Structures are given as structure tokens and as C-alpha cells.
Amino acid sequence: MELSGAEILVHCLKDEGVEYLFGYPGGAVLHIYDALYNQEEVKHILVRHEQAATHAADGYARATGNPGVVLVTSGPGATNAVTGIATAYMDSIPMVVITGQVATANIGSDAFQEVDSVGITRPCVKHNFLVKDINDLAETIKKAFYVATTGRPGPVVVDVPKDITDPNIKIPYVYPQSVQMRSYQPVTKGHPGQIKRAVELMLSAKKPMIYTGGGVVLGNAAEPLRKFVSTLGYPVTSTLMGLGSIPWDDQQFLGMLGMHGTYEANMAMHDCDVLIAIGARFDDRVTGKIAEFCPHAKIVHIDIDPSSISKTISVDVPIVGNVADVLNDMNQLLSASKTKPDQTALTDWWNIINGWRAKKCMSYDRNSDQIKPQAVVEMVHEITNGDAYVTSDVGQHQMWAAQYYGFSKPNRWINSGGLGTMGFGLPAAMGVQLAFPEETVICITGEGSIQMCIQELSTCLQYGLPVKIVALNNRYLGMVRQWQEFFYQNRYSHSYMESLPDFVKLAESYGHVGIRIERVEDLRPKLEEAFAMKDRLVFLDIVTDQTENVYPMIAQGKAHNEMHMSPYCDLPQDPERELS
Amino acid sequence: MRHIISILIENEAGALSRVAGLFSARGYNIESLTVAPTEDASLSRMTIVTTGTDRIIEQITKQLNKLVDVVKLMELSEGPHIEREMMLIKVKAATMDQRDDVKRLSDIFRGHIIDVTASTYTIELTGAGSKLDSFIEALSEHKILETVRSGVSGIARGEKCLQLN
Ligand SMILES: Cc1cc2nc3c(=O)[nH]c(=O)nc-3n(C[C@H](O)[C@H](O)[C@H](O)COP(=O)(O)OP(=O)(O)OC[C@H]3O[C@@H](n4cnc5c(N)ncnc54)[C@H](O)[C@@H]3O)c2cc1C
Ligand SMILES: Cc1ncc(C[n+]2csc(CCOP(=O)(O)OP(=O)(O)O)c2C)c(N)n1
Ligand SMILES: [Mg+2]
């Protein structure tokens, strides 16, 4: 089969099993768009801004586990995509981004719409390629998918100069079955000796703690994790990125840890004697003050990326490997082991933990005459049976979604944790909805964030995507306002959003349904009404208590046992006062 | 602590910038970096001299290994090794006294005078970085017009090799 470069590219995507291509056309990719014209296997989704193409592909990837695929033009197309590439990079999301480039002969001449895409994206991709010869095209695409999806996943950019896709130059096409790269050989199996040492250490624990992260979701390891956790009977917490791996209502689950984690999770971290970290990277929002992180604990760390291990926190038993493989090995050792967890010690430990739990750190004012954002999220959980896909933007609403939705399955909570990209939520929800047309997909957002990719309402209309947008409208860049309240003596510098649009009319002008909710008593009926509209996008503009804060909160650089608490829970509010 | 790291990296456009970019993005020090193709034209060999605590050096080696283009890495300074750097140095040598003294110093350091004019000598000198430093020190009475240093290259002693398996 003789094909042009443009046709080869499209064939590669088909052979790779790509369902959706999120893109935006322009000069450098017109040959490729022409090759897309007469085929139906790869469905192209025309976004309204290249940033949204990357977030949509990213959302698709997070929900399905398959790589998201993006096509953008050179120059501004590529630079617009950078935010989404960096977002995917920080959260280790598999993605292949094809950027058009000016013709090979013009590279380096400041040609029209030329930017050094490989150079610009280098620090925020797992790897990138510039295709210099049409004969390398198919293999490069294969390599891009291979690198993006294996080991620690991540985005890969393939920069394709226009002459490579010339419709007049045809060569025989074969898509390689597999690729070998001598310079890239990710490990999967963990070292048996280390696994044995880890199991011995965890069985000797008196106050054990399991800390899981995004690696469990990325590595599709919720099942072996659940087995591991229930076999041991140890308490377990999760980072923002791992929510859903353990069901939120599991008795052993202490909730999220870290800056906005629960009192019990953070206290258990602080007091534990053996910490088992699984696919988590000791981010600074999790560790708080490094010098006081788990001061009494020996640490086991399972991660596929050696550079995640002992990066910020030195660990005692490092295990490089794929979470699922390592956990399966551990589960086997555990079931064969004569030594069992120390039940007496464990009972004492659980008694302490249950004491912390009894403080009810997640309490908030349930009798307020204003709509409380936490209540909205809890009600959305109820109405959707806790079974929806939930994307979010960045800010207070993101934390409330994480804290109060209650996830029971992995891959359902979709948010930008590492980069914290406002504008992520709506396009990500489009990717999820395309992947799962029958499922309920919710975007929990703020009136600030939603305006960063609001243009995608138009894409949603074009492709009939019935996303439910739950905008917690506090008329503030709330997370910024909260920091200003706590750390800048209420000097609310530029965190108040004035001149907000009428979101109902805005939704309507894009062809959707808009509903505004202002009174507590309207909340349930209007939410029910919105979620009953299965095939419409509904924009819920919910006027929430403007001054509500996210609790608990550990100030940056403070230790796990120094938390600001909600005035409604059974604990002193101010971290300066003695807590433990 | 000073460390010497050798890597074999795919000989592709951009490979050098990936390494250099890694060091600048993560705030690691580079004292010197040399790179050239090996006997296998598809591979380049790079020698990086860096400083940092043990923890930083551990991260540097892990991050370098993580670069998709890096095929193999060896921390040379962990074992017995040979370190060499080449320097070309142009010194003012106009009077008889100057010419004699520069020649004498060059001989002591086993340098070679490779270019001569009525007023200058250019000396080629090879050795460990510290030897080149000492030579510059020794020339302190003289006027150095130019120095060019190649940066360090290194190789392990004995049978240990940085090569593909
Ligand atoms: C406003 C805001 C507030 C935040 N507050 C909090 C907070 O309170 N608590 C919190 O936890 N986070 C919080 N975050 C998120 C935080 O910034 C980090 O993104 C997050 O903590 C990182 O999660 P993780 O450690 O699970 O790592 P991820 O970024 O999910 O990384 C996954 C790790 O698993 C490894 N891995 C990947 N695949 C595999 C595999 N197959 N096998 C083995 N290992 C694998 C990777 O190498 C990596 O080390 C907040 C973010 C924002 C924007
Ligand atoms: C692109 C981008 N710019 C700035 C920020 C910093 N930031 C983090 S949260 C936040 C406020 C978000 O406001 P809103 O969307 O209304 O959410 P709220 O906190 O009020 O729930 C800002 C500005 C960011 N995370 N991303
Ligand atoms: Mg807001």
C-alpha cells in the first residue's frame, strides 16, 4: 500500500486503535486534515481552543486508561497546547500530541507560524520527536504511543513538518507490530528480595499506615490494592490523585491526606511507625514540612519511576516496579506468611484512630440559610448514586469535590493535581463524556475557572455532550481569597470577581440549558431537575456562601499535626493551639 | 562533592539540549560537559562533571537515566578511573626571560609548545582538571592571553566498561 505521509499518519492512528482525535486545523496540518476527510474510524473532535484539545484528550485518558490523542497546527496551535501538555505531564497521563511544523527546508528561518515546538515542550513531555524523513513516520508514531503508555506514563509530542505529509510523495506503508528501544526499557516486576523485606517490615508494624496515590489508578491496581488492604487490616489514606482506588466509605479508609486532608489521615501519618507508600510521589502538598514528615516511621515505597523514590523523603525499602505486579507478589507472600499482623497492637492503633475520627473534622454548618458548597457536592453524590464521573477545575470547589463527593471506583475523579490548571474541568469532561456517552459526567467548577475554557460549550453542542456543569459560584477566586484571609490579614487583593456574566443566558446562547440556584430550598429540586435531563448539557450556576473555607488546612510548610480546623468540628480551630 | 558521570546517549539532534535542559530546569550544577560521537556513530558519549550532596547526585543519575535518549550511565567517580582534560593556553612571551620561564614551566608540566610568534607561546597541556589548574597557577607571573579548556573526559580503570550489552 503506497500512502502519503498524511495518510500514513491517519493509518497509524487507526492501527493504534485510536477512537477520538482532539484537534484544531491550520496551515501546517492541512494535508493531515485532508487525509482525515474521507474516513470514519478516527473521529475528529473540533474543539474551540487547542488548550481544550489537550485537556479533552487528557480527560479521555484518565477515564479510560487509553492514551489521549491530539492534533494541532504549528506556531500558535502548538503554544496553545502547551498548558494541557504540562498538565498531563505533571499527573503522568498518557497522551500523544501531533503538532504540525513548517516544512523541513524552512525550519530555523522564522517562517510563518514557526516555533521550536520540540524545544518549547521539552521540559514538559516524557519525550518528543521531530520527524525528518517520511520513512521514519510510522515507526516514530509507534514509538510515541509506546513511550507514552509504558513505564510511568506521560505526554509525547511528535512534530511533523508539512513536507513530510505532502500528498504527492507516497511510500509503502507498514505499521510496526512492536518497537524496541535500547535506550528505554521500563521495569515492571519488583525485586523479590526487596518485596520480601517490605513484607517483613510491614508485618512487624505496631502503628502501620498505607498511603496510596495516582500510581494505583494509572497502573490499574485498585483490585490488588483492595485485597492487600483488607488482608492486612491496616488504615489507608489516599492522595488527591488516588481517590476511588479504595471506596470512600470503606471502614479502613481515613479519607484524603495532605494540605486539605482529614484530621485522622494526617494524624495517622504523623504517628505511624511503618508507612507503606504505593504509587504516590511525596508531593509537597502531601508531606508538609519535610523535617517533620512521618517522624517515627520506617518507609516502604513502591513506584515505577526510580526518580520518584527518595526524591524528597528518604525511604527505607524502595521497590521499583509496577504497582499491580508488586502488590500481587506481596499478596502472595502475605497469604503464605506464618507471621500475621500484630492484632493487639492493631486494635490499640485503631482505637487511637477512631478517637481522631470522632472529632468529625469534615463538619460544616448544615443549618445555614446560605447554600453551602459542601452540601451541594454531597447532594450531587446522592442524586447520582455516587457513581458519576466527576471532573473539576482548580480552587476551593476542587477540594470540596474531592472531600465530599465520595468516590467508590478509580478513574472517576478527574482533576489537575500537579499543575493545578484552571480551565481543565470542562474540556476534560468532554473527553470523558465521549468515552462514556451513557454515563453521567459532571464538571464541578468555580465561576473563575469555568471562564478559562468556557468556549468549549460550543464544542459540547456540536457533539451533543450532555455534561452537567456544577458551578459553585462564590463570586471569588475562592482559594486565593482563603489564603489572603489566613495569611495576608484579609487583604483581598484582586481575588474578587466582578462583572460576572449571566451564566444562564450564556449557557442558553450556546444552545444549552442554564439554571441558577440561589436559595437553600431550591437546591434539591433543581439539581434533580438538571440531572433528569439526560441528553442536555445543563449549566448549574449555584450561588454559594461567599466566605466558606476549605477545612482542614495545613499551611504550606507546616507539619501534619498543625491543622486549621472547621469551626463546626470538635477540635480547636487554630493550629497554634495544642492539638495532639 | 565533585562527581564525574559518563553517559551513552542516542546521537540525535536535541540530545545535548535534553541533558543541558535537565540540569538547568532542576537547578543542578554543571562544572563541565563534553560530548562527541563514539566508535558507534549512533551513540554519543557525554562526560558531565557536577557537584552536589549524595542525595542530589542520586537524583541527577536517576533523572539522566529517565531521559528516553540515554542508553547507559556510569558514575565514574564511584570507582577507580582516569580523568583527562586538554587545555590550549596562549601566554605573552616577548622577552628572553619570559620565553625561558614559560618554556621551563611547560616542560615541568609536560606541555607542548605548539605555536610560537615573536611575542607569544601557545601551549597544549593534558591532564586531570587539577593539573591544568596548577599550571595556570604556575603561570601567575606571566600574562595569560587566552585559555581554552576542553572539559573533562573520563574512563574507568581496568576492565570495567561503559558499553552496550
Ligand atoms: C488546590 C490544590 C490543592 C491540593 N491539595 C492536596 C491535598 O490536600 N492532598 C493531596 O494529596 N494532594 C493535593 N493536591 C495535589 C498535589 O498537588 C499532587 O498532585 C498530588 O498530591 C500528587 O499525588 P500522587 O502522589 O498520588 O502522585 P501522582 O502525580 O498521581 O503520581 C503518581 C506516582 O505513581 C507512580 N506511578 C505511575 N504509574 C505507576 C505504576 N503503574 N506502578 C507504580 N507506580 C506508578 C509515578 O511514578 C508517580 O510517582 C492539591 C492540588 C491542588 C491544585
Ligand atoms: C491557570 C491558573 N491560573 C491561576 C491559578 C491560581 N489559582 C488557584 S485557585 C484560583 C481561584 C479559582 O477560582 P474559582 O474557579 O472561582 O474557584 P473557587 O476557589 O472560588 O472555588 C486561582 C486563581 C491556577 N491554579 N491556574
Ligand atoms: Mg469562585
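Placed above this text is the structure.
Residues numbered from 1 in each chain as written. Chains lettered and ligands numbered in written order. Predicted model: local features only at pLDDT ≥ 70, side-chain atom pairs only at ≥ 80, totals over all residues. Heavy atoms only, no water.

**Thoughts on the overall build of chain B**
What chain B contains, in helices and strands, is 4 helices and 9 strands. The helix and strand sequence of chain B, counted from the amino end, reads β-α-β-β-α-β-β-α-β-β-α-β-β. When its C-alpha atoms are laid out on the principal axes, chain B stretches across 55 × 35 × 30 Å. Here the analysis covers contacts within chain B between residues at least 6 apart in sequence; of these, 72% occur between residues at least 24 apart. Computing the positive centroid from 20 side-chain charges and the negative centroid from 23, chain B places the two 2 Å apart. (Helix = DSSP H or I, 4+ residues; strand = E, 2+ residues; numbered from the N terminus. Contact = heavy atoms within 4.5 Å. Lys, Arg positive; Asp, Glu negative; His and termini not counted. Charge placed at Lys NZ, Arg CZ, Asp CG, Glu CD.)

**Let's talk about the overall build of chain A**
Across its full length, chain A carries 20 helices and 20 strands. Here the C-alpha atoms of chain A give a radius of gyration of 25 Å, agreeing with the 25 Å that 2.2 N^0.38 yields for 580 residues. Overall size of chain A, expressed as C-alpha extent along the three principal axes, is 75 × 60 × 40 Å. Split into buried and exposed, the 580 residues of chain A put 60% on the buried side. A fraction of 75% describes how many contacts in chain A between residues 6 or more apart in sequence connect residues 24 or more apart. Just so you have it, chain A exposes about 22300 Å², and 49% of that area is on carbon and sulfur atoms. In chain A, 47 positive and 65 negative side-chain charges are present, and the distance between their average locations comes to 5 Å. (Rg over C-alpha atoms; globule rule 2.2 N^0.38 Å. Buried < 20%, exposed > 50% of the residue type's maximum accessible area, 1.4 Å probe, protein only. Areas by Shrake-Rupley, 256 points an atom, 1.4 Å probe, with all protein chains shown as cover.)

**A closer look at the pattern of salt bridges**
Residue and element names in this part refer to chain B. The tally for this structure, following the rule as stated, stands at 36 salt bridges over all chains. Residue Glu85 pairs with Arg149 through a salt bridge whose shortest N-O separation is 3.1 Å. Of this pair, Glu85 sits in strand β5 (residues 81-92) while Arg149 sits in strand β8 (residues 144-149), and the two are 64 residues apart along the sequence. Assessed through its relative accessible area of 6%, Glu85 is described here as buried. Between Arg104 and Asp101 there is a salt bridge; the shortest N-O distance is 2.5 Å. With Arg104 and Asp101 both in helix α3 (residues 96-108), this residue pair falls 3 residues apart, about one helical turn. (Salt bridge = Lys/Arg side-chain N within 4 Å of Asp/Glu carboxyl O.)

**Overview of the site of ligand 1**
All names here are of chain A. In the vicinity of ligand 1 there are 35 residues, among which Gly214, Thr239, Arg281, Asp303 and Asn322 approach most closely. For ligand 1, an oxygen atom lies 3.0 Å from a polar atom in the backbone of Leu240. Contact between ligand 1 and Ser308: an oxygen atom at 2.8 Å from a side-chain N or O atom of the residue. Compared with its free state, where it exposes 990 Å², ligand 1 has 97% of that area covered by protein. Where the shell around ligand 1 is concerned, the elements lending two or more residues are α8 (214-218), α11 (284-287) and α15 (396-404). (Near = heavy atom within 4 Å. Polar contact = N/O pair within 3.5 Å; in protein donor to acceptor, adjacent residues only side chain to side chain.)

**Description of the sheet that holds strand β16 (residues 413-414) of chain A**
Residues and elements named next belong to chain A. In spatial order, the strands read β16-β15-β17-β18-β20-β19; together these 6 strands make up an open sheet with parallel pairing. Only two strands of the sheet have a single partner each, and these edge strands are β16 and β19 (513-517). Docked against the sheet, helix α20 (residues 520-532) engages β17 (441-446), β18 (468-473), β19 and β20 (538-543), running at close to 170° with respect to β19. (Pairing = 2+ DSSP bridges. Axes fitted to C-alpha atoms, helices over the stretch in contact; angles between N-to-C directions.)

**Comments concerning the sheet that holds strand β7 (residues 155-161) of chain A**
In any sheet, the strands associate via hydrogen bonds between backbone groups, in a parallel or an antiparallel arrangement. All names here are of chain A. Strand order in this open sheet of 6 strands is β3-β2-β4-β5-β7-β6, and the pairing throughout is parallel. Sheet topology places β3 (43-46) and β6 (127-130) at the edges, where each strand pairs with a single neighbour. Between one strand axis and the next, the sheet turns through 20° on average, direction left out of account. As defined by bridge partners, strand β4 (residues 68-72) adjoins strand β5 (residues 95-101) across 5 bridges and the pair is classed as parallel.

**Thoughts on the side chain of Ser6(B)**
All names here are of chain B. Tracing the chain through its elements places Ser6 in strand β1 (residues 2-10). Of the polar contacts made by the side chain of Ser6, one reaches the side chain of Arg45; its length is 3.4 Å. Residues contacting Ser6, with those up to four places away along its chain left out, are Arg45, Met46, Thr47, Lys72, Leu73, Met74, Leu76, Gly154 and Leu162.

**Looking at the interface of chain B and chain A**
At the interface, 20 residues of chain B touch 21 residues of chain A. Together chain B and chain A conceal approximately 1600 Å² of surface at their shared face, both sides included; 43% is due to carbon and sulfur atoms. Taken as a group, Arg18(B), Arg55(B) and Val68(B) account for 40% of the area that chain B buries against chain A, more than any other trio of residues on that side. Our count for the contact surface shared by chain B and chain A stands at 2 salt bridges. On inspection of chain B and its partner chain A, the count reaches 11 residue pairs in polar contact (both at pLDDT 80 or more). Elements that contribute at least two residues to the side of chain B that touches chain A include exactly α1 (15-25), α2 (54-66) and β4 (70-75) of chain B. With 6 residues, α2(B) is the single largest residue contributor to the side of chain B that touches chain A. Residue composition of the side of chain B that touches chain A, by class: 7 nonpolar, 4 polar and 9 charged. (Buried area = accessible area lost by both parts, 1.4 Å probe. Nonpolar A, V, L, I, M, F, W, Y, C, P; charged D, E, K, R; others polar.)

**A closer look at the environment of Val236(A)**
All names here are of chain A. Locating Val236 in the fold gives a position in strand β10 (residues 236-238). By relative accessible area, which is 0% here, Val236 ends up buried. Taking the C-alpha atoms as reference points, Val236 and Gly5, 231 residues apart in sequence, are found 51 Å from one another. Setting aside anything within four residues of it in sequence, one finds Val236 in contact with Ile210, Thr212, Val229, Ile246, Gln252, Phe253, Leu254 and Gly255.

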